[in-house]
Amino acid sequence: MKAFTETLSDGYGQTLSIDTCLFELQTDHQHLIIFQNRFFGRVMALDGIVQTTERDEFIYHEMMVHVPVLAHGQATRVLIIGGGDGGILREVLKHPQVEQVVQVEIDQAVIDLCQEYLPGHSAGAFDDPRAEIVIADGVAYVNTATPAPFDVIISDCTDPVGPGEVLFSSEFYAGCKRLLKPGGIFVAQNGVVFMQPDELQMTRQRLGPYFTDQSFYTVSVPTYVGGNMALAWGCDDAAKRWVDEAALAERYQRAGLTCRYYTPALHRAAFALPAFMQALL
Ligand code: AG3
């Protein structure tokens, strides 16, 4: 059996059968593979780490997008860093009040190949007139773009190895803060805590200074193995972390969302952290 074995952790990981290899390429930035697996459907991995699969992508994308956008309540301008598969963009554009989304992705090849082999991820989102795609380095963008501030910034990055590493730097966080409107919300993929506890501590130290309210919420994604993934949260308005369930439900309905994972109750609950994670902070 041809198989893909993830290289993220030493001594533990996941192996998926490659039932058909659809595309494999060394891009200018990273190694990319897209293959068919009999359980997860099409799978995309970068530098040996599973990024997304057809079967479980909704869990991650809904929680990365609807938590900050509904907590904000009036987001009209959203910035996405990374996210070349288009899943985040697709979910952001489900919000009718969103007028403009800028997406900054370093690797054009990821966008092109995902549009071709994972069309359900973007579901046409790259052609939406509200979307502007910039092929650039995320750190350079947030530190040099003319400030036209955003309500929500979502960092859908790879892990802090390879090209994604800089998206966990103080320099990146400073740039994001600079591009956020007052009361704007920053969220970022922050690794599977049980497997990558240092990442949580590092982000706490580096991101913490930029926001008066900085924390994490969690989500469990089958192909991000090892338990809950932490999603970093930063905002200068603490009330946004604790919007009540009724208000979230009202916003959810108004936006006309029908999610497969996100619910307002889960949104609130996701901010409750296990004791071992709290101890890391
Ligand atoms: N980006 C985050 C993948 C992180 C995987 N890391 C891990 N298993 N520790 C996913 C891109 C989806 N749009």
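Below or above, wherever it landed, is the structure these notes cover. As the structure is a computational prediction, the values presented were derived from the model and not from experiment.

1. What to know about the sheet that holds strand 13 (residues 228–235)
Working step 1: Pairing is mixed across the open sheet formed by seven strands, whose spatial order is 9-8-7-10-11-13-12. The outermost strands of the open sheet, each flanked by one partner alone, are strand 9 (131–135) and strand 12 (213–220). If you compare each strand with its neighbour and ignore which way they point, the axes differ by 20° on average.
Working step 2: Packed on one face of the sheet, helix 7 (residues 197–207) meets strand 11 (180–192), strand 12 and strand 13 and runs near 150° to strand 12.

2. Description of the site of the ligand
Working step 1: With respect to spatial proximity, 13 residues lie near the ligand, and among them H61, D85, D156, D159 and Q196 are the closest.
Working step 2: Residue H61 places a side-chain N or O atom 2.8 Å away from a nitrogen atom belonging to the ligand.
Working step 3: Within the side chain of D159, a nitrogen or oxygen atom sits 2.7 Å from a nitrogen atom of the ligand.
Working step 4: If the ligand stood free it would expose 400 Å²; the protein chains cover 98% of that surface.
Working step 5: Judged by its atoms lying within 2 Å of the grid points, the ligand is housed in the largest cavity.
Working step 6: Among the residues forming the shell around the ligand, the class breakdown is six nonpolar, four polar and three charged.
Working step 7: When residues of the shell around the ligand are assigned to domains, at least three map to each of domain 1 (3–53) and domain 2 (57–280).

3. Thoughts on the pattern of salt bridges
Working step 1: Taken as a whole and assessed by the stated rule, the structure comprises 10 salt bridges.
Working step 2: Measuring nitrogen to oxygen at the nearest pair gives 3.1 Å for the salt bridge that ties D151 to K181. Note that D151 is positioned in strand 10 (residues 150–156) and K181 in strand 11, a separation of 30 residues in sequence.
Working step 3: The class of D151 is buried, set by a relative accessible area of 5%.
Working step 4: K181 gets classed as partly exposed once you look at its relative accessible area, which sits at 26%.
Working step 5: A salt bridge links E250 to R254; the shortest N-O distance between them is 3.2 Å. Taken together, the residues E250 and R254, both in helix 8 (residues 245–254) and four residues apart, mark about one turn of the helix.

Analysis parameters
- Residues numbered from 1 in each chain as written.
- Predicted model: local features only at pLDDT ≥ 70, side-chain atom pairs only at ≥ 80, totals over all residues.
- Heavy atoms only, no water.
- Pairing = 2+ DSSP bridges.
- Helix = DSSP H or I, 4+ residues; strand = E, 2+ residues; numbered from the N terminus.
- Axes fitted to C-alpha atoms, helices over the stretch in contact; angles between N-to-C directions.
- Contact = heavy atoms within 4.5 Å.
- Near = heavy atom within 4 Å.
- Polar contact = N/O pair within 3.5 Å; in protein donor to acceptor, adjacent residues only side chain to side chain.
- Areas by Shrake-Rupley, 256 points an atom, 1.4 Å probe, with all protein chains shown as cover.
- 1 Å grid on protein atoms, 1.4 Å probe; cavity = no way out; pocket = protein on both sides within 12 Å on 5 of 7 lines; lining within 4 Å.
- Sits in = over half its atoms within 2 Å of the grid points.
- Nonpolar A, V, L, I, M, F, W, Y, C, P; charged D, E, K, R; others polar.
- Domains from an automatic or database assignment.
- Salt bridge = Lys/Arg side-chain N within 4 Å of Asp/Glu carboxyl O.
- Buried < 20%, exposed > 50% of the residue type's maximum accessible area, 1.4 Å probe, protein only.

In short, shape yes, function no, at least from these values alone.
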